[in-house]
Amino acid sequence: ESLLKDGKIRSYGVSNFDVRGMEEAVRLSPGIACNQILYNLEERTIEHAVIPWCEKHGVAVVAYPPYGHGEFPGPHTPGGKVLQEIAAHHGATPRQVALRFLLRWPNLFTIPKASSPEHAEENAGAGDLRLSTAELSQIDRAFPLGPKPRTLPVL
């Protein structure tokens, strides 16, 4: 289906909208296709309300930057060790495990950095990874959600 009909935009995306912003945007102009928003293992704020609202209303969530902003958990950090252990069990990389964890939401997509064909291939490999409920819980404990904040963080 085309984004344009009779020269008019039929759907569009927004960035960094919280639930109140999404509700207002939909009220003013229906047709929101996606909300591009900060989301990674260290910053999971949108799990409180934004992801569930978007899922309920058929709006895709486009997460950026899924590996964090310059600091992916290293192998000697508590969270990095969890990612490393799970990755080793699956013959995967810690980044694939992190990406797969984020992609557990059916309406979520990510924008992972890929500066080479090898990076793109590694990112794509996350789609084949299947994490168990126990592994998802391990990651959840290693990177806790935290309390619901007043405002959404942005980069």
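Residues numbered from 1 in each chain as written. Predicted model: local features only at pLDDT ≥ 70, side-chain atom pairs only at ≥ 80, totals over all residues. Heavy atoms only, no water.

On to the side chain of T45, then. Position of T45 among the secondary structure elements: in the loop between β4 (32-38) and α2 (50-56). Not counting residues up to four positions away in its chain, the partners in contact with T45 are L145, P149, L152 and P153. (Helix = DSSP H or I, 4+ residues; strand = E, 2+ residues; numbered from the N terminus. Contact = heavy atoms within 4.5 Å.)

The N-to-C vectors of helix α3 (residues 78-90) and helix α6 (residues 133-142) enclose an angle of 165°; their axes lie 9 Å apart at closest approach. In this view, α3 runs roughly antiparallel relative to α6, as classed from their interaxial angle. Helix-helix and strand crossings are classified by hand; for α3 and α6 the assignment is left-handed. Listed contacts from α6 to G79, V82, L83, E85, I86, H89 and H90 of α3 are E135, Q138, I139 and A142. Residues belonging to the contact of α3 with α6 are distributed by class as follows: five nonpolar, four polar and two charged. (Axes fitted to C-alpha atoms, helices over the stretch in contact; angles between N-to-C directions. Parallel < 35°, antiparallel > 145°, perpendicular 65-115°, else oblique. Left-handed = near helix turned anticlockwise from the far one by under 90°. Nonpolar A, V, L, I, M, F, W, Y, C, P; charged D, E, K, R; others polar.)

Right, let's get into the pairing of strand β5 (residues 60-64). Buried residues dominate β5, accounting for five of its five residues. Side chains of β5 alternate between two faces, with A60, V62 and Y64 and V61 and A63 buried alike. The pairing of β4 with β5 spans five bridges and is parallel. Looking across to β5, one finds that L38 is bridged to Y64. The handedness of the β4 to β5 crossover, carried by α2, is right-handed. As defined by bridge partners, β5 adjoins strand β6 (residues 108-110) across three bridges and the pair is classed as parallel. Paired with A63 across the bridge in β6 is T110. (Buried < 20%, exposed > 50% of the residue type's maximum accessible area, 1.4 Å probe, protein only. Pairing = 2+ DSSP bridges. Right-handed = clockwise from strand over helix to strand, strands pointing away.)

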